[in-house]
Amino acid sequence: MKITGIRTFLMHAGQPDPSKWASDERSGDGASRLPGTRNWLFLKIDTDEGITGIGECSGWPRVIETAIHDLAPLLIGEDPAHIERLWQKMHVAMMGHGMLGTVGAGAMTGIDMALWDIKGKSLGVPVWMLLGGKVRDRIPIYSHANTPERALAVKERGIKAIKCGGVADPVRKVAALREAVGNEIDIAIDLHGPPWLTPADACRLVRALEPYELLWVEDPIAPENIDGYRRIRDAAHVPLAAGERSATIFGERELIENELVDIIQPDTGRAGGITQMKKIAAMAEAHHIQMAPHSGSLGPVAEYAALHVLAAIPNALILERIDDDWDGRKLTILPHPQQVGGSIAVPDAPGLGCDIDESFVARFPSGGNVSVPVPESAGSYNPGTYNEHLYVQTRLSRHRYFNR
């Protein structure tokens, strides 16, 4: 079998209502008929035996589409069965451009995913079988909830874990959620910037969150500040989670090897593909670290890939999923994953077991893919500093911030 071509499918995907996102407030400044600037990038690899593989790329979809077409000549004429060799070939080919991080890995992710899909289809088995077989038949999921009303609605659907987010008022937000849902629901919080907390502020805040027995505190500081995670771990007894903004085993290595997190969160669309997800999981297992892939902004093909990986690894914890996302998600993918309560059945069809509706995807051309993440009204920045758009910021009015 030989690869004959690679096709890309870029679409502007509508974002969920702001009340469904785990952040203080989402910016709606996208230049498209749909709200926000979320894009989904799918690709298909064609072969001379009529088998087509599908994949998805994240990390900066509009930019990554160009990278895929630049990589395509390296792959055309190759045997798609040799996944590891092709991954290494792509990695070496991009090396001369520098450390490309999630952009380079995002391009390789969709290609790698499609190669696994082809191999599964050619052998007549699901991808999880190629990864060593199933550890579990169903994958637990968590949803997003920033208000008690949203949390109760999620709970009523049988979901057993929620995540809130934002840095404006995190302790009071968690307290309100815990009071609303009781002790039956796990709660996590994402402290993603902007602006990121400084390590000193993050230590103080994480200690304040200790009484709520959180499932984890996610991304409390900027991802480059690896040493800062050590300070937080030494300061508080709360599970830490991070890793969505890094890619490949090389990007996740320090967090895992230094045991700075309890949960590693590679993004299924930009971590480097199923090949890398399996390796990251193995690295984490050796350090007794669980895996909970980032999936909040991804499209449905990457979600399928996550289901296969989580089915096959022993240290799978839970999958991020906004189960009532944009209605177009269900129309993009065939078939749509069937969620029952708080879990999804592992697919059994050969390969990934899914396809996209190309005609539906074509109805939503990309209209922009960058934005300032939160508006001034979110209150994430110190008063009067929003227009500075700082990456990291120390909290002012500290007594009020940490004790309200």
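Residues numbered from 1 in each chain as written. Predicted model: local features only at pLDDT ≥ 70, side-chain atom pairs only at ≥ 80, totals over all residues. Heavy atoms only, no water.

A.B. asks: Talk me through helix α9 (residues 248-257); I want residue IDs and the actual numbers.
C.D. replies: Looking only at α9, the buried set comprises Thr 248, Ile 249, Glu 252, Leu 255 and Ile 256. The arc that holds every buried residue of α9, seen down its axis, measures 125°, which confines them to one face. Buried residues in α9 make contact with α2 (83-94), α3 (101-123), α8 (226-235), β8 (240-242), β9 (263-264) and α10 (274-286). Trailing α9 by a residue or two, Glu 259 shows a phi angle of about 50°, which is positive. (Buried < 20%, exposed > 50% of the residue type's maximum accessible area, 1.4 Å probe, protein only. Helix = DSSP H or I, 4+ residues; strand = E, 2+ residues; numbered from the N terminus. Arc of directions from axis to C-beta. Contact = heavy atoms within 4.5 Å.)

A.B. asks: Provide a residue-level description of the layout of surface pockets, including the pertinent values.
C.D. replies: Of the pockets and cavities examined, the second largest pocket occupies roughly 420 Å³. Lining the second largest pocket are 18 residues, and of these His 91, Met 99, Leu 100, Gly 101 and Thr 248 sit closest to its centre. Looking at the lining of the second largest pocket, the elements that each hand over two or more residues are α2, α3 and α9. Looking at the lining of the second largest pocket element by element, the count peaks at five residues for α3. (1 Å grid on protein atoms, 1.4 Å probe; cavity = no way out; pocket = protein on both sides within 12 Å on 5 of 7 lines; lining within 4 Å. Points joined across faces, edges and corners; volume = space filled by probe spheres on them.)

A.B. asks: I'd like to hear about the environment of Glu 218, residue by residue, with values.
C.D. replies: Within the secondary structure, Glu 218 is located in strand β7 (residues 216-218). Here the alpha-carbon distance between Glu 218 and Gly 165, two residues 53 residues apart in the chain, equals 8.9 Å. Excluding anything up to four places from it in sequence, Glu 218 contacts Tyr 142, Lys 163, Ile 189, Asp 190, Leu 191, His 192, Ala 241, Glu 244 and Gln 265. Within the structure, Glu 218 has its side chain in polar contact with the side chain of Trp 216 (distance 3.1 Å). (Polar contact = N/O pair within 3.5 Å; in protein donor to acceptor, adjacent residues only side chain to side chain.)

A.B. asks: Can you lay out the pattern of salt bridges for me, pointing to particular residues and giving the numbers?
C.D. replies: Summed over all chains, the structure comprises 29 salt bridges. Among the salt bridges present, the one from Glu 184 reaches Lys 155, with a minimum N-O distance of 3.6 Å. Here Lys 155 lies in helix α5 (residues 148-156) and Glu 184 lies in the loop between α6 (170-181) and β6 (186-190), a separation of 29 residues in the sequence. The exposed category is assigned to Glu 184, whose relative accessible area is 59%. Within this structure, Arg 7, Lys 44, Asp 46, Asp 355 and Glu 358 form a network of salt bridges that share partners. (Salt bridge = Lys/Arg side-chain N within 4 Å of Asp/Glu carboxyl O.)

A.B. asks: Which residues make up the pairing of strand β1 (residues 3-12), and what values do they have?
C.D. replies: The buried count for β1 comes to eight of 10 residues, which makes it a mostly enclosed element. As paired strands, β1 and strand β2 (residues 39-47) are joined by nine bridges and run antiparallel to one another. Paired with Leu 10 across the strands is Leu 41, a residue of β2. (Pairing = 2+ DSSP bridges.)

A.B. asks: Could you give me a rundown of unusual backbone geometry, with the residues and numbers involved?
C.D. replies: Look at the link from Gly 193 to Pro 194: it is a cis peptide, with omega at 5°. Topologically, Pro 194 is positioned in the loop between β6 and α7 (199-209). Cis geometry marks the peptide bond from Pro 194 to Pro 195; its omega dihedral reads -15°. With respect to the helices and strands, Pro 195 occurs in the loop between β6 and α7.

A.B. asks: Mind laying out α3, listing which residues take part and the relevant values?
C.D. replies: Between the first and last C-alpha of α3 there are 32 Å, a value that for 23 residues agrees with the 33 Å anticipated at 1.5 Å per step. Most of α3 sits out of view: 17 of its 23 residues are buried. Positive backbone phi, at 75°, marks Gly 124, one or two positions downstream of α3. (Expected span 1.5 Å × (residues − 1).)

A.B. asks: Kindly report on the pairing of β6, identifying the contributing residues and their values.
C.D. replies: The element β6 is largely enclosed, with a buried count of four among its five residues. Where strand β5 (residues 161-165) lies against β6, five bridges are found, and the strand directions are parallel. Paired with Cys 164 across the strands is Ile 189, a residue of β6. At this point the chain moves from β5, through α6, to the parallel β6, and the crossover so formed is right-handed. Of the pairings in the sheet, the one linking β6 to β7 comprises three bridges and is parallel in character. Within β7, the position partnered with Ala 188 by the bridge is Trp 216. What joins β6 to β7 is α7, and the crossover it makes is right-handed. (Right-handed = clockwise from strand over helix to strand, strands pointing away.)

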